[in-house]
Amino acid sequence: MTFDLAKIIRPKIYNLEPYRCARDDFKDGILLDANENPYGPTQPGLKESGLNRYPDPHQIEFKTAMAEFRNGENHDYKGLPHPLAAENLCLGVGSDESIDAIIRACCVPAKEKILVLPPTYSMYSVCAHVNDIEVVECPLITDDNSFQANTDEVIRTVQRDPSIKLVFITSPGNPTGAKVETSRIEKILQNWDRGMVVVDEAYIDFCGGSTAPLVTKYPNLCVLQTLSKSFGLAGIRLGITFASKEMARVLNSMKAPYNISSLTSEYALNAIRPDNLKIMKQRANENEMEQNRLVKELTSLPNVHKEPVGGLDTNFILLKVGSGDGDNDLAKKLYYKLATESGVVVRYRGSELGCTGCLRITVGTKEENDTLVKEFAKLLSQLTSN
Ligand SMILES: Cc1ncc(COP(=O)(O)O)c(C=O)c1O
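Residues numbered from 1 in each chain as written. Predicted model: local features only at pLDDT ≥ 70, side-chain atom pairs only at ≥ 80, totals over all residues. Heavy atoms only, no water.

**Things to note about the overall build of the chain**
And step 1. Secondary structure summary: the chain contains 13 helices and 10 strands in total.
And step 2. Buried residues in the chain amount to 52% of all 386 residues.
And step 3. When contacts within the chain are restricted to residue pairs at least 6 apart in sequence, long-range pairs at least 24 apart make up 69% of them.
And step 4. Accessible surface, the chain as shown: approximately 18,300 Å² in total, 52% of it carbon and sulfur.
And step 5. Charge centroids of the chain, computed over 44 positive and 50 negative side chains, lie 1 Å from each other. (Helix = DSSP H or I, 4+ residues; strand = E, 2+ residues; numbered from the N terminus. Buried < 20%, exposed > 50% of the residue type's maximum accessible area, 1.4 Å probe, protein only. Contact = heavy atoms within 4.5 Å. Areas by Shrake-Rupley, 256 points an atom, 1.4 Å probe, with all protein chains shown as cover. Lys, Arg positive; Asp, Glu negative; His and termini not counted. Charge placed at Lys NZ, Arg CZ, Asp CG, Glu CD.)

**Describing the layout of surface pockets**
And step 1. What the largest pocket holds in volume is close to 510 Å³.
And step 2. Contributing to the lining of the largest pocket are 29 residues, with R23, Y54, P55, D56 and P57 lying nearest its centre.
And step 3. With 5 residues, helix 10 (residues 262–271) is the largest single contributor of residues to the lining of the largest pocket.
And step 4. A per-class count over the lining of the largest pocket returns 14 nonpolar, 6 polar and 9 charged. (1 Å grid on protein atoms, 1.4 Å probe; cavity = no way out; pocket = protein on both sides within 12 Å on 5 of 7 lines; lining within 4 Å. Points joined across faces, edges and corners; volume = space filled by probe spheres on them. Nonpolar A, V, L, I, M, F, W, Y, C, P; charged D, E, K, R; others polar.)

**Digging into the sheet that holds strand 8 (residues 316–320)**
And step 1. The antiparallel open sheet is built from 3 strands, whose spatial order is 8-10-9. Either end of the sheet is taken by a strand with one partner, and the two such strands are strand 8 and strand 9 (347–348). (Pairing = 2+ DSSP bridges.)

**Description of the site of the ligand**
And step 1. In the vicinity of the ligand there are 13 residues, among which S95, N174, D200, T226 and S228 approach most closely.
And step 2. The contact in question runs from an oxygen atom of the ligand to an N or O atom on the side chain of N174, over 2.8 Å.
And step 3. Here D200 contributes a side-chain N or O atom positioned 2.6 Å from a nitrogen atom of the ligand.
And step 4. Its residues placed into classes, the shell around the ligand shows 3 nonpolar, 6 polar and 4 charged. (Near = heavy atom within 4 Å. Polar contact = N/O pair within 3.5 Å; in protein donor to acceptor, adjacent residues only side chain to side chain.)

Set out below in structure tokens:
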């Protein structure tokens, strides 16, 4: 295996120089270099906020803290060549921006392809289509309810088709809730050097075992994370890509220089402080307890399958309603009634591969879950009583 990033990245992008500004050299003084407004924001209350100034384009403090956090959790991967450093990270406006950036960096429009493993997060396909990139599918293993990657089939598919440049693996999966075994991901990484594997770990803190530290070992690996889920900061829009330093350099060179706002940066730095990380972990534990309760109470109802679909490695559950292989009509009606009659909004996922009759339900607070269980039971009973 000889992986050469210069052959994977589109040449004009590989050769980009990162945007530089005068502030990279001089941060203090009378700042007349960036055409900012010297008087401050127009709202009186914000006068001293500093928001008239462009944000830091590099975010080294946050990146360093995040790298250290993931290094500190790294119990499984002793023996990696290096710990993660700030140079292994690139930040985006949510992982949605990171997904788009990786596709644009690697895939030539109207010529190259990505591989996705359905059922999965839809933004990989949306971004591919926006960029005129074809999407090839290699389904997860659904028949045993494991929703694991079909490793051999993924390897066969990418080896057969050299125009596939990226493999997107959601781990833990959405909507499947199942973490993909690291050994499967490593097998793909070890058997394919003509593209990159992107592991989307949006929900990783609900189960642990991030593959992010592995980017120091595998140059063909990118790992995506976000502050939107376990950190409870979907509103600030902060996504993180972990990659080799060479790949992170490419991604940092192509991003808009000021994509992370000062406000986002401030909240993100606060979130990664040790005391707040502790709270994040406590919340993940509380999520697990509530998740188990929801599964127990909802799967004991008539017309709900006795096992949840997929895994419980996230902050949601995927439940199948109706007899046999599940009933999409019933799932849709229940979804609609829950929203319109009970004011409880869940997600219909019945059209996804292997998810017939399925609703995806986010674990809420204890009170929200109490209401959900009560309303779910009432409406399902009404819908199935005749
Ligand atoms: C698997 C997965 N990846 C990425 C995202 C998007 O994350 P962000 O809010 O960071 O754009 C989501 C959001 O639901 C998701 O489920």
